[in-house]
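Fold and geometry: a report
Below are the chains, spelled out letter by letter.
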Amino acid sequence: MKMSMRMRRAGAERGCLGTAWVCCWLLGWQAAALQLPPCEEDIFYPTLQTLGARILVSLLLALPCQADPNPHVETDYHFEYTECDSSGSRWRVAVPNPSVECSGLPDPVKGKECTFSCASGEYLEMKNQVCSKCAEGTYSLGSGIKFDEWDELPAGFSNVATFMDTAVGSAENKADSCNNSSWTPRGNYIESNRDDCTVSLIYAVHLKKSGSVFFEYQYIDNNIFFEFFIQNDQCKEMESTADKWVKLTDNGEWGSHSVTLKSGSNILYWRTTGILMGSKVVKPVLVKNITIEGVAYTSECFACKPGTFSDKPGSSGCQVCPRNTYSEKGAKECTKCKEEMYYAEEGSSACIERPPCTNKDFFQIHTPCDKEGKTQIMYKWIEPKICREDLPDALTLPPSGERKDCPPCNPGFYNNASSSCTPCPPGTFSDGTQECKACPAGTEPALGFEYKWWNILPGNMKTSCFNVGNSKCDGMNGWEVAGDHIQSGAGGSDNDYLILNLHIPGFKPPTSVTGATGSELGRITFIFETICSADCVLYFMADINRKNTNVVESWERSKEKQSYTHIISKNASFTFTWAFQRINEGQDSRQFINDMAKIYSITVTNAVDGVASSCRACALGSEQSGSSCVPCPAGHYIEKETSQCKECPANTFLSIHQVYGMEACIPCGPGSKSTKDHSACFSDCLVSYIKDNQSLNYDFSNLSQVGSLMSGPSFTSRGTKFFHFFNISLCGNEGKKMAICTDNITDVTLKDMVAESEDFSNFVGAFVCQSTIIPSDSKGFRTALALQSNSLADRFLGATIETTLENISIKTDMFPPSPSKIPDVHFFYKSSTVTTSCENGRATVVTMRCNPNKPDQGELSVPSSCPAGTCDGCTFYFIWESAEACPLCTEQDYHEIEGACKKGFQETLYVWNEPKHCIKGVPLPEKRTNTCETVDFWLKVGAGVGAFTAVLLIALTCYFWKKNQKLEYKYSKLVMTANSKECELPAADSCAIMEGEDNEEEIVYSNKQSLLGKLKSLATKVLAHELIGHGRLKLYKEKESDAYRANWTCLSLWKLVLSREVIGSFRTHPWAANMSPFPGPQANKA
């Protein structure tokens, strides 16, 4: 840097202190023996070790230089101080200038104490060691140095660019990718890199006493991390740089930063790291006016840089030359340009020839309306005018004064037959074309602002122009009214920020809902478009209580006419800002002056001190119908019939857009209930539903604490590693959003943030929020960094097993199917924040899945197909697997097991059904013990009776089977005999009772039969019937034969063998008589 060059004469022109030995060859060997260190990197003076300084002084005193034939003059040498010794003293020695031969130099003398320094505007005159004032055209900071000229990188400064991420690609490729990244001088300031490399601007300084460093900066883009820290010569950070993160500044404003420096070596670092999360180019950091205090002394004053001057002795700084003047280096005053032919901006070092005027050098405006309701179109030169109209091909200013009808007043205003529009009085309204009228009884004005006609700039708006590198557009209008719209102005340069401000002192809901505590107090909506041929940007920013301006949304390049709405959720003073910039880099000539932004309308609702274009219904007092409006309690709507306040039904919440009529109460979604004030719906973590005639109840209370998920890693196009970090508050705290995400900090607690203020802008609270995390090993930081925090869910919609709720759906294949038959429960959320990519806001679905293998908090995950949690950037999906997500246990979830009866006691155990898919709920019954003696006795009796009966039945079966076999044998023998001898009876032994056979007559005619006898008699009857059946079949077959009658006679004789009971049974059959071959009495005789 030019101003610092003279300050480096001690090192650059005079070299190391070893130059003193050039003229004294006798001391050469002493210098070599001392092995003095090379020149220090500090910008002020060379140093010597204390021991070397003492030896040098003693040798200079003992061995004066040999006489030179050419006597010396004072311009051949200069004075320097040796390094301070342990007692704090030093010597002043004479050192010949480079390429000057040695002659008799002045003897070393005792120097000023090491902490001595001159005041600002003075320098230390080394010959007499006294402080003297700086001459005109020069300045001095006394014990400091200032870097305010950045045409090139000043001497002593260095750039170090690195790509710190070591996760992806080869180290060589990363190193090469940052070779062109550096801090770039831009004249009045220096600009940081615009990529995702880490670039450090380094400066080393050695202070003789404690001092400080001060600099101004502009830091508006949180996609860059900007840190300033100090290290000592051991590469350890100083304690004074504990808070090394530099705060963001408002758009177009310069901030300042200062840090205390300790004596000794200090290495200053300005380090930036860009985080390119998309294609958007980051806005660089700008630094200017670096001032370092703590230098022991200044041996000379510094000339004012070109474009500045100093007209008084003893100046501590230089003044900037005004417009149309210039100055060279070290000027005492500025020289005027020939304004007819030349011009110069403020702080110019030369005059510039004026160009011919073009259509880019003027613009048109509309004058205020006159009494006739007319406005005039006026053309004006862009100020300051730098063009000439008298040159060939130059344009002249078009004629002004064309009269046109004035546009009507904006809603809520009325001109009252005057030339200006005035706001309607309180309690009245107007559409802008009619006079103000009072609101009817039972209504109140709908306060706000609606600007859609732009004849003059409204009273609560102002416009300005700002440029970070110059003051060309200071005092210019950044925006100009143009009838049905307001458009960006010409400005002074293409990289000017054209500013439009709207101030709203506060927001107040309608009287009837004053007690409501909803999330929306008001909203601002504007319709705009941008027409650009370059990389223009339109910023929309909001400032809360004039503390910090944050960019709400931005639009790049040309955009079609569209609308944007921003929700106001807190009652505070707001300043809304629209800033338009054509390009972000300065150029010598205007190329994009025709690029512009247009705003057609701006509407603000529920604004304090607003005006009304209409009236809305309100609640009336109960005393009389014509009374004034009264505020309804929280959660009350206005009943249409009576205009009285009435509380919303249970499990409904009051709409923030309407309070008139029962329809203002909106039912809560499934699995949710309303807060006491009916301001919102929330989940108490209890969900129930019926499936297959079985009721399933869930209790997610143990998961109500905030759950966290880190997904990734992901990588930018340049390979920077980052993670998506999510905080999920499943149920909140009765509607309160407990999930918090912060920017640029990892250890901020809720308590700390509340202690700051409600306007802490680096955190968001929601049911679900997201931050982008840069790990500490990714960019060489000592801690993880967070940025781009935003809300994904600020309103709870409901919890259900259905996959769709309020147009939000979850695909069945989004997650792997559940291994159990327990259905998943889906929690649905919505975010009211609207972005350019999500016109309907963001939505979130959290799926709760029962998994007994994951106890306690379980595991949160995102779909494998969408590792960032979303596939479209608008709807986010999460699955939370945990045993705590299982339904509550019921009696159907366990069964009993009865043990054996031991010693008169029997135990009954209860065990859960496997696999167990329930928690808590009905507890498992305890083991039960019962006596079992009575049951055992009858069990034995029953077993004995059963065994006896089984044996008896087996014996009877065997007996009757054997009897049946005998009868079948006798019958078959009888039939064969009858066929062989017609009507011949068998032998006597064939029909008589054989030996060993029982006399069945006794059984038949017994008065009292035993059980066994009855069974035998029954069996005999059965056999008789069977035999008769066989006989009947035989007779039917031989019905026409000649032996028919003979066979029947033989069969009848055989029947006589049987007992009379059997024969009686035979006679009782109704078909017996019909079968007989003998008619009538003969049958009986037979």
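We now turn to the structure provided with this report.

1. Looking at the overall build of the protein chain
Secondary structure assignment for the protein chain yields 13 helices and 66 strands. Split into buried and exposed, the 1086 residues of the protein chain put 45% on the buried side. Contacts in the protein chain between residues far apart in sequence, at least 24 positions, make up 66% of those at least 6 positions apart. For the protein chain, the accessible area works out to roughly 55,300 Å², and carbon and sulfur atoms hold 52% of it.

2. A closer look at the sheet that holds strand β64 (residues 894–898)
In space, the 3 strands of this open sheet follow the order β64-β65-β66, with antiparallel pairing throughout. With one partner strand each, in any of the chains shown, β64 and β66 (928–931) form the two edges of the open sheet. Across this sheet, the average inter-strand angle for adjacent strands is 25 degrees, counted without regard to direction. As paired elements, strand β65 (residues 905–912) and β66 share 4 bridges and run antiparallel to each other. Of the residues in β66, the one forming a bridge with Phe905 is Thr931.

3. Here's the deal with the sheet that holds strand β3 (residues 109–110)
An order of β1-β2-β3 is seen for the 3 strands of this open sheet, with the pairing classed as antiparallel. Where the open sheet ends on each side, the last strands, each with one partner, are β1 (77–81) and β3. As judged from the 2 bridges shared by strand β2 (residues 91–96) and β3, these two strands associate in the antiparallel manner. Counterpart to Trp91 in the pairing with β3 is Lys110.

4. Looking at the pairing of strand β12 (residues 211–218)
With 7 bridges joining them, β12 and strand β14 (residues 255–261) adopt antiparallel strand pairing. Its bridge partner lying in β14, Phe215 is registered against His257. Taken together, the 6 bridges between β12 and strand β16 (residues 286–293) define a ladder with antiparallel strand orientation. Bridging from a neighbouring strand, Gln218 pairs with Leu286 of β16.

5. A short note on the state of the cysteines
Taken as a whole and judged by the stated rule, the model has 18 disulfides. Each disulfide pairs two cysteine sulfurs, and for Cys838 the partner residue is Cys874, the sulfurs being separated by 2.0 Å. What sets the handedness of the Cys838 and Cys874 disulfide is the S-S torsion sign, and at about -100 degrees it is left-handed. Here Cys838 is found in the loop between β60 (825–830) and β61 (843–850), whereas its partner Cys874 is found in the loop between β62 (859–861) and β63 (875–882), with 36 residues between them in sequence. Note on Cys838: relative accessible area 3%, which makes it buried. With its sulfur 2.1 Å from that of its partner, Cys889 forms a disulfide with Cys918. The chirality of the disulfide connecting Cys889 with Cys918 is right-handed, given an S-S dihedral of about 90 degrees. Of this pair, Cys889 sits in the loop between β63 and β64 while Cys918 is found in the loop between β65 and β66, placing the two residues 29 residues apart along the sequence. Take Cys889 and Cys918: they sit in the same class, and that class is buried.

6. Description of the pattern of salt bridges
Counted by the stated rule, this structure contains 14 salt bridges. Asp684 is paired through a salt bridge with Lys673; the nearest N and O atoms lie 3.0 Å apart. Of this pair, Asp684 sits in the loop between β48 (681–682) and β49 (686–691) while Lys673 is found in strand β47 (residues 673–674), placing the two residues 11 residues apart along the sequence. Taking relative accessible area as the criterion, Asp684 reaches 28% and is therefore assigned partly exposed. For Lys673, a relative accessible area of 33% corresponds to the partly exposed category. Put simply, Asp824 and Arg849 hold a salt bridge, and the shortest N to O gap is 2.9 Å. Separated by 25 residues along the polypeptide, Asp824 in the loop between β59 (808–809) and β60 and Arg849 in strand β61 bring together distant segments of the chain. Taking relative accessible area as the criterion, Asp824 reaches 14% and is therefore assigned buried. On the basis of relative accessibility, which here comes to 6%, the residue Arg849 falls in the buried class. Because the salt bridges share partners, they merge into one network encompassing Arg186, Glu191 and Arg194.

7. Digging into the packing of aromatic side chains
In total, this model carries 43 aromatic pairs according to the counting rule given. Taking the centre distance of 5.3 Å and the plane angle of 70 degrees together, the rings of Phe147 and Tyr203 count as edge-to-face. Remark: Tyr203 occurs in strand β11 (residues 198–207) and Phe147 occurs in strand β7 (residues 144–147); sequence separation between them is 56 residues. With centroids separated by 5.5 Å and ring planes inclined at 15 degrees, the aromatic side chains of Phe574 and Phe576 adopt a geometry described as stacked. Residue classification places Phe574 among the buried residues on the basis of a relative accessible area of 4%. For Phe576, a relative accessible area of 0% gives the class buried.

Basis of the calculations
- Residues numbered from 1 in each chain as written.
- Predicted model: local features only at pLDDT ≥ 70, side-chain atom pairs only at ≥ 80, totals over all residues.
- Heavy atoms only, no water.
- Helix = DSSP H or I, 4+ residues; strand = E, 2+ residues; numbered from the N terminus.
- Buried < 20%, exposed > 50% of the residue type's maximum accessible area, 1.4 Å probe, protein only.
- Contact = heavy atoms within 4.5 Å.
- Areas by Shrake-Rupley, 256 points an atom, 1.4 Å probe, with all protein chains shown as cover.
- Pairing = 2+ DSSP bridges.
- Axes fitted to C-alpha atoms, helices over the stretch in contact; angles between N-to-C directions.
- Disulfide = S-S within 2.5 Å.
- Salt bridge = Lys/Arg side-chain N within 4 Å of Asp/Glu carboxyl O.
- Phe/Tyr/Trp six-rings, centres within 6.5 Å; stacked < 30°, edge-to-face > 60°.

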